[in-house]
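# Descriptive analysis of the structure
These are the residues of each chain, in order.
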Amino acid sequence: MSMSLLPRTAEEFSSADYWERFFRKRGEKAFEWYGDYNSLCGALHKYIKPRDKVLVVGCGNSELSEQLYDVGYRQLTNIDISETVVSHMNQRNAEHRPDLTFQQLDATQTGFESGSFQAALDKGTLDAMASEEDGALAGRMLAEVGRVLAVGGRYVCITLAQEHVIKLAVQHFAQGWAVRIHCLSGQQNKESDSSFALPVFVLVCTKFRQEPPFAVLELCQGEDGAPVRLASVAELLSAVKERQAYNLMLHKLRGGTDADSTPSLTLCHAATGRPRYTLTVQDSLPSAKLPRSNHFAIFIVPQGRESDWLYGSAEGRTQLASSAKFRRLVIVAMHRDQEYEDMQAVQSELSPMVMELAPPGMPANQQVPFLSVGGDLGWREVIGRGVSALTGEYSVEDVRGEDGHLYRRLIFMNNSQLVQSESRLRSAATDHPVSVLLVGLGGGGLPQFVHDFVPCARVEVVELDSAVLEVAQSWFGFHTDERLKVILGDGLEHIKTLESEGGHSFDVIMFDVDSKDTTLGMSCPPSAFVETSLLKKVYSLLTPRGLFMLNLVCRDSALRKSVLERVQAVFTCVFSRGIEGEVNEVLLCCRSAGEGHKPHSVSQTLQQTAKDLQKTLRANTKTAPCVPQIDISAMLNDLKVI
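Thresholds, definitions, all that
- Residues numbered from 1 in each chain as written.
- Predicted model: local features only at pLDDT ≥ 70, side-chain atom pairs only at ≥ 80, totals over all residues.
- Heavy atoms only, no water.
- UniProt positions renumbered as here; feature names shortened; annotations may be inferred.
- Salt bridge = Lys/Arg side-chain N within 4 Å of Asp/Glu carboxyl O.
- Helix = DSSP H or I, 4+ residues; strand = E, 2+ residues; numbered from the N terminus.
- Buried < 20%, exposed > 50% of the residue type's maximum accessible area, 1.4 Å probe, protein only.
- Pairing = 2+ DSSP bridges.
- Patch = residues over 30% accessible without salt bridge, like charges linked within 9 Å, V, L, I, M, F, W, Y side chains within 5 Å.
- Areas by Shrake-Rupley, 256 points an atom, 1.4 Å probe, with all protein chains shown as cover.
- Axes fitted to C-alpha atoms, helices over the stretch in contact; angles between N-to-C directions.
- Core = buried A, V, L, I, M, F, W, Y, C linked by side-chain atoms within 4.5 Å.
- Contact = heavy atoms within 4.5 Å.
- Parallel < 35°, antiparallel > 145°, perpendicular 65-115°, else oblique.
- Left-handed = near helix turned anticlockwise from the far one by under 90°.
- Nonpolar A, V, L, I, M, F, W, Y, C, P; charged D, E, K, R; others polar.
- Phe/Tyr/Trp six-rings, centres within 6.5 Å; stacked < 30°, edge-to-face > 60°.

As annotated in an unreviewed UniProt entry, the protein carries the name eEF1A lysine and N-terminal methyltransferase and comes from Cyprinus carpio. Quoted verbatim from the Sequence similarities (unreviewed entry) heading of the UniProt record, the comment on the protein is "Belongs to the methyltransferase superfamily."

What follows is the structure in structure tokens.
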């Protein structure tokens, strides 16, 4: 169980009806559900030390005291109201455990001196007494326990945590005591069935000398779980009920698959209590033809897409599970106002929890894949919140849609799966910036185009000749601003300086510079720009998914081959596209295709990038109707892998 996440299941947990059926079915064997020494020892040893004087209230014929005695607890005083039980237990232990004593005493009037015990141990006694006299009998027992415990002493109660039992105990010890509850795993035995799946709780109440300035109410998952502080008795009772409902849901899920049942639960941040993930379990139909190894998978819904039909409706989730072809698919939605680092971090955070939801019969070492759309978490930014007297809380948020465009949405939180209003955002206002370094200005057409029609681009041009800059500005309509600047200087030296300084990176680096040496068979670029040492500097200046673009004009086939070999030695994947009717070819060089990627998958990535750029260009036709109709995807179809 993840220490940083706590579950809240949406399944209704009706305490009165559930417990009535439980005790009717279990009858006198109900005590078996409290667990044995092996399942309880971790929590008991945490709060009761072998040197402590321990009062065991309502010991019955349980073997727990005998097992504690055998591991070194020699100051156990066992009491029970039944003379028969006490006589039997004394006889059973007289020979092998002579120091283990059993006394017939009323737990509400023990007669022991005040403050004479360091611990009191109760296994099921409070549960049995709480229903007597409307809780008055249990109240007197708790008062007596509080009296005989020394300051710093602990009342350790093993309980099934019926609501009225926990409420009685917590309210009794609310002042002058610290209250902590551990939720242990549900007990499994041969008589368990799908109707009952009870977790066992250990209630630990510690006596203070002085009353603390605030109520100390805590809940822990497992025997070693980090404590989560609750603000009130009501919150603690609610948290206990959520654990019981969650355990019931797990028990049903482990019993079999059911395509008609889609239980869901919310995982909350343990420290803040705020919802972090919502998990919906979707099983495939029994008639579905599935690969034998496809038992279980986790699907991460992109942020901002929770209201899409495929994820937000029962029919859509059924279709999603059918397409995924797994026996059980857990569909995970992320919550607004939460930060998520990346897919790997989400997987690490969820893995301990989601494995509890695995279908029955899944092999122990089965690999469980995490599925997603495009391999990322999507994107959402909450830009405004408010409360309306008529509609309640609302949220205004920007999200990235399935088509790659950004949208602004109005969501009423009382029905967060419904988008009340949606408007597409213009790219210029919202796209993440793209940094471009271009060596060679010419008439300025290329940098001006990138500036005008890729609004998120920040372009830096390096030009050696100041006269060229003047021509571009005077005759070709080239102009600079805060997103487009020109540096007069040597492009080679500029790249070397950037690389040596460190801290610089670009999404795109372009070389579009001609050679003045007419004796070579290469008129673009100068040979120094394709030397291995410089290419390595270009490589280091690119972002991890950056692209190097080179305008190559080379009539010498041997020289061209040499240039391509040098480029390929530095860059993982190199593509070439010829220009119809020209000697020119444009080389597109990927810094990294990613481990295990083949060239065709990189080409697919470039195709998608081209589609996104084409959409960006079309989106700007409203403000710039003269934008050229460039079919970039068609151009990339002509790419050749070098």
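Let us now look at the pattern of salt bridges. Applying the stated rule across the entire model yields 22 salt bridges. Between D70 and R97 there is a salt bridge; the shortest N-O distance is 3.0 Å. With D70 in helix α3 (residues 64-70) and R97 in the loop between α4 (83-93) and β4 (101-104), the pair connects residues that are 27 residues apart, well separated along the chain. Judged by its relative accessible area of 17%, R97 falls in the buried class. The salt bridge partner of D308 is R305, with a shortest N-O separation of 2.5 Å. Here R305 falls in the buried class, since its relative accessible area comes to 7%. Connected through shared salt-bridge partners, R274, D337, R385 and E393 make up one network.

With 5 bridges joining them, strand β18 (residues 406-412) and strand β19 (residues 419-424) adopt antiparallel strand pairing. From the neighbouring strand, I411 faces β19, where its bridge partner is V419. Here β18 folds back onto β19 in antiparallel fashion, the turn holding 6 residues.

Note that the residue after C524, namely P525, is joined by a cis bond; omega there is 0 degrees. On the secondary structure map, P525 appears in the loop between β24 (522-524) and α16 (532-541). With phi around 65 degrees, A161 is a residue other than glycine that occupies positive phi space. Structurally, A161 is set in the loop between β6 (149-159) and α7 (163-172). The residue D337 is not glycine, and still its phi comes out positive at about 65 degrees. Residue class for D337 comes out partly exposed when judged on its relative accessible area of 36%.

With that out of the way, let us pick up a nonpolar patch on the surface. Together, V471, W475 and F476 line one region of the surface with nonpolar side chains, adding up to about 400 Å² of accessible area. Topologically, W475 is positioned in helix α14 (residues 466-475). Given the relative accessible area of 71%, W475 is considered exposed.

Here we take up the sheet that holds strand β16 (residues 380-388). An order of β16-β17-β18-β19 is seen for the 4 strands of this open sheet, with the pairing classed as antiparallel. A strand with exactly one partner marks an edge of an open sheet, and here the two such strands are β16 and β19. Between one strand and the next, the sheet's axes are offset by a mean angle of 15 degrees, whatever the strand orientation. Where strand β17 (residues 392-400) and β18 come together, 7 bridges link them in antiparallel fashion. Bridge pairing in β18 places V396 opposite L410.

As a further point, take the nonpolar core. One finds L126 and Y155 to be the most contacted residues of the largest nonpolar core, which totals 40 residues. By residue number, the principal contributor to this core is helix α6 (residues 136-148), which donates 6 residues. In this structure, Y155 is in contact with A120, D122, L126, M141, L142, V145, L149, F173, L203, V204 and C205, ignoring residues within four places of it in sequence. M522, L534, V538 and V570 belong to the second largest nonpolar core, which has 30 residues in total.

Before going further, it helps to spend a moment on the packing of α6 against α7. Relative to each other, α6 and α7 sit at 40 degrees, their axes nearing to 11 Å. Classed by the angle they form, the pair α6 and α7 counts as oblique. The way α6 lies across α7 gives a crossing that is right-handed. Packed against α6, whose contacting residues are A138, G139, L142 and A143, the element α7 presents L168, A169 and H172 at the interface. Considering only residue class, the contact of α6 with α7 consists of 5 nonpolar, 2 polar and no charged.

Below, the discussion takes up the packing of aromatic side chains. For any pair of aromatic rings, the description consists of the separation of the ring centres together with the inter-plane angle of the planes. Taken as a whole and judged by the stated rule, the model has 10 aromatic pairs. Centroid distance F511 to F548: 5.0 Å. Interplanar angle 80 degrees. Geometry classified as edge-to-face. Of the two residues, F511 sits in strand β23 (residues 506-511) while F548 sits in strand β25 (residues 542-554), which places them 37 residues apart along the sequence. Here F511 falls in the buried class, since its relative accessible area comes to 1%. For F548, a relative accessible area of 0% gives the class buried. Between F548 and F571 the ring centres are 5.4 Å apart and the planes differ by 20 degrees, which places this aromatic pair in the stacked class. Of the two residues, F548 is situated in strand β25 and F571 in the loop between α17 (557-570) and β26 (573-578); the sequence distance between them amounts to 23 residues. A relative accessible area of 2% means that F571 is categorised as buried.

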